[in-house]
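Structure assessment
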Amino acid sequence: MTEQERAFQDKIDADIKIEPKDWMPDDYRATLIRQIGQHAHSEIVGQLPEGNWITRAPTLERKAILLAKVQDEAGHGLYLYCAAETLGVSRDEITEMLLDGRMKYSSIFNYPTLNWADIGAVGWLVDGAAIMNQVPLQRTSFGPYSRAMIRICKEESFHQRQGYDAIRKMAEGTPEQKKMAQDALNRLWYPSLMMFGPSDKDSVHSAQSMAWKIKINTNDELRQKFVDQTVPQAEYLGLTIPDPDLKWNEERGHYDFTDPDWSEFYDVVKGNGPCNVDRLAARNKAWDDGAWVRDGLLAHARKKAAAKVAAE
Amino acid sequence: MTEQERAFQDKIDADIKIEPKDWMPDDYRATLIRQIGQHAHSEIVGQLPEGNWITRAPTLERKAILLAKVQDEAGHGLYLYCAAETLGVSRDEITEMLLDGRMKYSSIFNYPTLNWADIGAVGWLVDGAAIMNQVPLQRTSFGPYSRAMIRICKEESFHQRQGYDAIRKMAEGTPEQKKMAQDALNRLWYPSLMMFGPSDKDSVHSAQSMAWKIKINTNDELRQKFVDQTVPQAEYLGLTIPDPDLKWNEERGHYDFTDPDWSEFYDVVKGNGPCNVDRLAARNKAWDDGAWVRDGLLAHARKKAAAKVAAE
Amino acid sequence: MTRDEAFLQFLLRMGDNTLILGHRVSEWCGHAPVLEEDIALANTALDLIGQTQMWLGLAGEVQGEGKSADDLAFLRDVWDFRNVLLVEVPNGDFGRTLMRQFLFDAWHSIMLGRLMTSSDDRVAAIAAKASKEVAYHLERSGDTVVGLGDGTEESHRRMQEALDYLWPYVGEMFASDEVDAEMAAAGIAPDPASLREEYDALVGRVLRKATLTIPDSRFAHKGGRNGRMHTEHLGHLLTQMQWLQRAYPGATW
Amino acid sequence: MTRDEAFLQFLLRMGDNTLILGHRVSEWCGHAPVLEEDIALANTALDLIGQTQMWLGLAGEVQGEGKSADDLAFLRDVWDFRNVLLVEVPNGDFGRTLMRQFLFDAWHSIMLGRLMTSSDDRVAAIAAKASKEVAYHLERSGDTVVGLGDGTEESHRRMQEALDYLWPYVGEMFASDEVDAEMAAAGIAPDPASLREEYDALVGRVLRKATLTIPDSRFAHKGGRNGRMHTEHLGHLLTQMQWLQRAYPGATW
């Protein structure tokens, strides 16, 4: 370790935030760009499965709540792209990396939303898992990222409560509604567990990321925490977690549960999830169709600036 | 009148059909191309208002009937384009005249189909009026046109019966269904009357066309016949013709009725009907989007032909 | 037509305009040309849905049959809708969507300004709340129309095409009938025709800045405000919007 | 699972395939690239709707709850549908529509050929009638795939893209589960896996003539045949298809 590296690590160990103008190791920068970019892309692609139900929301209030939520997600994307930009990568650059497949987004968004209860389940389970991942990241070592996470976490926990409320309405509703709620849980349970990533013993980057405080907890810790939190909620709703081997382990003080099928996870990461192709096609179409708009607004802004200079 | 023209008119007067290879006056040819082309285009554009309900047809049987009908209309378009081709104008040429607005189609198809009863009403009223126009044209002087009309009339009268049956089901159905049937009649009555064209005294081409047996009856005769036939059918259905002045005239032996608002007719012809822009846009889109298909199939046919020649 | 019957029609017209336009705008969600637009469009849709809740809520009250705003939004068929045709035409490209928004926002802001002095307190209160939101919508859609109209050659062409397509739908916003006469007599709402001059001035100013040419025709498609003849597009929109309420009647969500 | 329960599932699979594909094809009505194609597509849709009436009619009989083919078509929600995912993907361009048709027709013709010797007379009779229609569908879609694959550079590119997009949906047609085992044991229907070899030979032959390359992957999307996980597209399709029956329950049409 060089002296510079040593000083850098000392700051992190002392919980002093790293700011964009500070020196940082190339790997730290690259890892952060990948992590923040992937998180930003997840917010953007994450609009699609929920957006799928906006035009079919069953009441004006539910439509408003869903719209507000999807709007927040776009906002989160914006904060995160800004945080990434402080590391020297422009929004357009990493957007193009998303669009041509060089960068990833969270695999959970490659699953479809098939009934209205999915909208509740996404808030309850997916946002729930996301928060579990994100809360510790409020203490992450990179200043702009940490500050973005603080704003995001506040809104996410609001979304999670709304999601839980929406699925509660379904679970307490007509038999069809209850069936929808159970169906949503059946389909989204394991994909939600996968959101924490493979077991840390199989993860190559974890040790360094934890030393850098880019990652705070292990994947398995967070997954366990999520299960422990979610099972009683499902019980309260009268819904059944689709895992016959799930049970409370008195000794451990945790639930034992079945690991997700990691071959499915790797399949989805490779591009073979139910919606990968459609999701990327939708984002590419939005980007391509919007080129004339971006060009037009830019051209206008330049004309205005030129006129202003000429007038001075 | 030249000798050639005299001989031509004598043949027509003697009810001898004019065939494509026969000599004919330029005006006769031009008028026929306009009339047959306009009729063909009407079949094609006429697919759109009915097609609008194919994906919402309420039963499998109704969907099948509607699909079969729209398919027949495409078939009629095909016969008529073939008849026009015998006059020396290719299908692509007159299609392009439709698409850029140089040629017209029947204005009735610029009205929207807004509820399921419209599908019945189109069969009952629009096909009914069309048949009234077309039956005499089976005796028209131009052979290919006459033969096309004979085939078409057979199918159209079948469509009309199906349309009447469909609206009868609505008129005899629930209060909402009955309301749909009445609503359809309210909207389509006057546009149907307009299908016969303005009064002959206002029509410039009529006399010559009648001498050439391209037109057999006057517009007013046919309109009266249509009203006389349709009023009792509406009564049988328990529906009210939206004309407070409609009444039986014992002396004339016909119904008296209110003339349609011809300013609306001219507005629609000019392009200001409720759907003109959307109809033409739909046809243009189909044509433009399909260019690569037509080109591809043509290229393949040429390759095959060339391979065959090479093999011989 | 009694005053209450006319009042109900007026409220449905206001509420159906915001409902249907809000729905159309919400269709963009996740598909806009740039992230800031995604957020702005969602925000516009959200405001319009909120206004719908107020207008249709009051409509249900005035109707007196115990219907909620949701009942009115999700359980009427095409012929019962009273929105102008402008708001139901499909989104088209982003340019058409924004042009439609601007042409509506301009009318909406003028209308709400007048309604703030309505003789009916409830109408005045809704208008006061909504007009703040709509002032922002107008500023934004106007700016975007100017930016794209006076942008590149392509963006100019697309905006002119959007204007040409939408202009025949503008006139209906200023049509007057017996409902409007009754509302004007009661001091509840202005005669729509009386808004036209201010509208033409406002729209003319912005479109000039946008270097766009207003079509030389006053022809106007009509039929939405009285439900006589909507476009074919509205029925398709309702199949989506009303699906769950139709498929699972009586459920609460 | 009893034999009748399995039989019902089998019949729903057959009938939902033809119902949903027939619906998709009917969406083209009036919009095809050339008049002859408009006619041919309408004809295909018509045949598929007719087959649906037979399959779902028999399904209602076997179910024994007094449901008609229309009840089954118009009053089930997404999770109750048993069609393969292939038939519910959106039409895309004409090339994708025809490629989907060809990939399905090839399976359909082989399947129906086997079903003609079904131990259940009703199944054999439906298969006999349908297989004549489907032989024609296959001839036509195969010819078009060849014509466009081996046409211009652009048509070739589009057809290859269509094949690449659709290929991951092919495998589901050959998946087997306990329903299929039960049907095979009863001699009612073949094990789908047993059709694959003939399918690969047929499809391979046509695609070679079309100068197209079959993607080098056996990955298969699944979830339609047992209803566990349809695509997001099916729900949107149903909003249209079922609209009138949902909005006006109990009416006869």
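See the structure above.
Residues numbered from 1 in each chain as written. Chains lettered and ligands numbered in written order. Predicted model: local features only at pLDDT ≥ 70, side-chain atom pairs only at ≥ 80, totals over all residues. Heavy atoms only, no water.

**A few points about the packing of aromatic side chains**
To describe a pair of aromatic rings, one takes the distance between the centres and the angle between the planes. Residue and element names in this part refer to chain A. We count it as follows: Planes of paired rings set the category: under 30 degrees apart is stacked, over 60 is edge-to-face and the rest tilted, where pairs are Phe, Tyr or Trp rings (Trp by its six-membered ring) whose centres lie within 6.5 Å. Secondary structure elements are taken from DSSP: a helix is a run of H or I of four residues or more, a strand is a run of E of two residues or more, and numbering for both begins at the N terminus. Buried residues are those whose accessible area, probed at 1.4 Å on protein chains only, stays under 20% of the maximum for their type, while exposed residues exceed 50% and partly exposed ones sit between those limits.
Evaluated as defined, the whole model comprises 32 aromatic pairs over all chains. Geometrically, the ring pair formed by F8 and Y28 is edge-to-face, given 4.8 Å between the ring centres and 80 degrees between the ring planes. With F8 in helix 1 (residues 3-13) and Y28 in helix 2 (residues 26-45), this residue pair connects regions lying 20 residues apart in the sequence. The class of Y28 is buried, set by a relative accessible area of 0%. Put simply, the rings of F8, W23, Y28 and W212 touch in pairs and so form one group of aromatic residues.

**Focus on the interface of chain D and chain B**
For the record, the criterion: Here, two residues are considered to be in contact whenever any of their heavy atoms come within 4.5 Å of each other. When two parts are brought into contact, each loses some accessible area as probed by a 1.4 Å sphere; the total of that loss over both is the buried area. Should a side-chain nitrogen of Lys or Arg be within 4 Å of a carboxyl oxygen of Asp or Glu, the pair is scored as a salt bridge. We define a polar contact as two N or O atoms separated by no more than 3.5 Å, with the added condition that, inside protein, one atom must be a possible hydrogen donor and the other a possible acceptor, whereas residues neighbouring each other in sequence contribute only through side-chain atom pairs.
With 49 residues of chain D at the contact, the number on the chain B side is 46 residues. Summing both partners gives a buried area of about 4000 Å² for chain D against chain B, and 70% of it is carried by carbon and sulfur. On inspection of chain D and its partner chain B, the count reaches 2 salt bridges. Where E36(D) meets R91(B), a salt bridge forms, and the shortest distance between an N and an O atom there is 2.5 Å. Applying the counting rule to chain D against chain B returns 14 residue pairs in polar contact (both at pLDDT 80 or more). Breaking the side of chain D that touches chain B down by element, the ones donating at least two residues are helix 1 (3-26), helix 2 (35-63), helix 3 (69-74), helix 4 (94-115), helix 5 (121-149), helix 6 (153-166), helix 9 (232-241) and helix 10 (243-247) of chain D. Sort the elements by how many residues they give to the side of chain D that touches chain B and helix 2 of chain D lands first, with 12 residues.

**Quick look at the nonpolar core**
We count it as follows: Nine residue types can take part in a nonpolar core, namely buried Ala, Val, Leu, Ile, Met, Phe, Trp, Tyr and Cys, and a core is a set of them joined through side-chain atoms within 4.5 Å.
Counting residues in hydrophobic clusters, the biggest one holds 285 residues, and the most contacted among them are F10(C), M99(C), L103(C), F10(D), M99(D) and L103(D). Those residues in contact with F10(D), other than ones at most four positions away along the chain, are M111(D), L115(D), V123(D), V179(D), M183(D), I188(D) and A189(D).

**Let's talk about the side chain of D16(D)**
Residues and elements named next belong to chain D. Along the chain, D16 turns up in helix 1. Judged by relative accessible area, which is 0%, D16 ranks as buried. In terms of polar contacts, D16 uses its side chain to reach the side chain of R76, at 2.6 Å. Engagement of the side chain of D16 in a polar contact is seen with the backbone nitrogen of R82, the distance being 2.9 Å. When sequence neighbours within four positions are dropped, the list of residues in contact with D16 reads L56, R76, D80, F81, R82 and N83.

**Thoughts on the pattern of salt bridges**
According to the stated counting rule, one finds 78 salt bridges over all chains in the structure shown. Residue R102(B) is joined to D100(B) by a salt bridge in which the shortest nitrogen-to-oxygen separation is 2.8 Å. Since its relative accessible area comes to 47%, D100(B) is described here as partly exposed. R122(D) is paired through a salt bridge with D120(D); the nearest N and O atoms lie 3.0 Å apart. By relative accessible area, which is 12% here, D120(D) ends up buried. Ionic contacts of the salt-bridge type, sharing partners, join the residues D93(C), E154(C), R157(C), R158(C) and E161(C) into one network.

**Examining unusual backbone geometry**
Most of the time, phi is negative for any residue but glycine, and the peptide bond is trans. A positive phi is found at K213(B), a non-glycine position, where the angle reads about 55 degrees. Along the polypeptide, K213(B) turns up in the loop between helix 9 (206-211) and helix 10 (219-237). In this structure, T211(D) is a non-glycine residue whose phi angle is positive, near 60 degrees. Secondary-structure assignment places T211(D) in the loop between helix 8 (196-209) and helix 9. According to the relative accessible area criterion, T211(D) is partly exposed, its value standing at 38%.

**Side note on the interface of chain C and chain A**
If you look at the interface, chain C gives 49 residues, while chain A gives 46 residues. With both chains or domains summed, chain C and chain A bury close to 4000 Å², and 69% of this area falls on carbon and sulfur atoms. In this assembly, chain C and chain A are joined by 2 salt bridges. Linking D150(C) and K303(A) is a salt bridge whose minimum nitrogen-to-oxygen distance equals 3.0 Å. Of all elements in the fold, only helix 1 (3-26), helix 2 (35-63), helix 3 (69-74), helix 4 (94-115), helix 5 (121-149), helix 6 (153-166), helix 9 (232-241) and helix 10 (243-247) of chain C reach the threshold of two or more residues within the side of chain C that touches chain A. At 12 residues, the largest contribution of residues to the side of chain C that touches chain A is made by helix 2 of chain C.

**Observations regarding the environment of K21(B)**
Looking at where K21(B) falls in the secondary structure, it is placed in the loop between helix 1 (3-13) and helix 2 (26-45). Taking the C-alpha atoms as reference points, K21(B) and I131(B), separated by 110 residues in sequence, lie 29 Å from one another.

**Considering a negative patch on the surface**
Quick reminder of the rule: Residues enter patches when they are more than 30% accessible in relative terms and free of salt bridges; like-charged ones are connected within 9 Å and nonpolar ones (Val, Leu, Ile, Met, Phe, Trp, Tyr) within 5 Å. Only the protein chains shown count as cover for residues, with accessible areas throughout obtained via the Shrake-Rupley method and a probe of 1.4 Å. Charge assignment in this entry is limited to Lys and Arg as positive and Asp and Glu as negative, and neither His nor the chain termini are counted. Where a charge sits is defined by one atom per residue type, namely NZ (Lys), CZ (Arg), CG (Asp) or CD (Glu).
A grouping of E85(A), D92(A), E93(A) and E96(A) is seen on the molecular surface, where their side chains present a negatively charged patch. Its location among the elements puts D92(A) in helix 5 (residues 91-99).

**Some thoughts on the packing of helix 6 (residues 116-134) of chain B against helix 7 (residues 143-171) of chain B**
Between two packed helices, both the angle of their axes relative to each other and the distance between the axes serve to describe the pair. Residue and element names in this part refer to chain B. Quick note on the threshold: Note on definitions: angles span 0 to 180 degrees between N-to-C directions of axes, and those axes are lines fitted to C-alpha atoms, for helices only across the stretch in contact. Should the near helix be turned anticlockwise from the far one by less than a right angle, the crossing is termed left-handed; should it be turned clockwise, right-handed. Residue classes follow a fixed rule: Ala, Val, Leu, Ile, Met, Phe, Trp, Tyr, Cys and Pro count as nonpolar, while Asp, Glu, Lys and Arg count as charged, and any other residue, Gly among them, counts as polar.
Direction vectors running N to C along helix 6 and helix 7 enclose 145 degrees, while the axes themselves pass 7 Å from each other. Considering how the two elements wind past one another, helix 6 and helix 7 form a crossing that is left-handed. Along its contact with helix 6, which presents W116, A117, G120, A121, G123, W124, D127, G128, I131 and Q134, the element helix 7 presents M149, I152, C153, E156, S157, H159, Q160, G163, Y164, A166, I167 and M170. Looking at the contact of helix 6 with helix 7, its residues break down into 12 nonpolar, 8 polar and 2 charged.

**Digging into the environment of S141(D)**
Here S141(D) shows up in helix 5. Each residue touching S141(D), except ones within four places of it in the same chain, is listed here: L98(D), Q101(D), F102(D) and D105(D).

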